[in-house]
Amino acid sequence: MSAAIASRAQGPLSAVFRQAFKGLRQSGRIVEGPTEALPSAGPSQKADWGRILKARAGVASIYFPFMGTFLAWPLISRSVLDGQMGRF
């Protein structure tokens, strides 16, 4: 195989590798994050603590009872089946 044919055969493949390497470098830059402060788009907003606390209370009112039941099922089943295991 001549050198001219070999270089033409590698041309499209090397372009693919260049594009892949460029994508890897760009993804590394994205993970690295900005090195300078981002400009402010407008004035800062005040925290809406009432909305935040209401949302957290709603999640807690569902999460803790269900997780407590799920984690306490051995204790609940022991008290329900106490003395009843021989009957089955």
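Residues numbered from 1 in each chain as written. Predicted model: local features only at pLDDT ≥ 70, side-chain atom pairs only at ≥ 80, totals over all residues. Heavy atoms only, no water.

Attention shifts here to the overall build of the chain. Across its full length, the chain holds 3 helices and 0 strands. In the chain, the succession of helices and strands from N to C terminus is α-α-α. Burial analysis of the chain (88 residues in total) assigns 0% to the buried set. Carbon and sulfur atoms make up 66% of the accessible area of the chain, which totals about 8600 Å². (Helix = DSSP H or I, 4+ residues; strand = E, 2+ residues; numbered from the N terminus. Buried < 20%, exposed > 50% of the residue type's maximum accessible area, 1.4 Å probe, protein only. Areas by Shrake-Rupley, 256 points an atom, 1.4 Å probe, with all protein chains shown as cover.)

Turning to the pattern of salt bridges, a few remarks are in order. This model, assessed by the stated rule, comprises 1 salt bridge. With a closest N to O distance of 3.5 Å, Asp 48 and Arg 51 form a salt bridge. (Salt bridge = Lys/Arg side-chain N within 4 Å of Asp/Glu carboxyl O.)

Another point: a nonpolar patch on the surface. Together, Val 59, Tyr 63, Phe 64, Met 67, Phe 70, Leu 71 and Trp 73 make up a nonpolar patch on the protein surface, roughly 820 Å² of accessible area in all. Broken down by element, the residue count for the nonpolar patch peaks at 6 residues, all from helix 2 (residues 49-71). For Val 59, a relative accessible area of 55% puts it in the exposed group. (Patch = residues over 30% accessible without salt bridge, like charges linked within 9 Å, V, L, I, M, F, W, Y side chains within 5 Å.)

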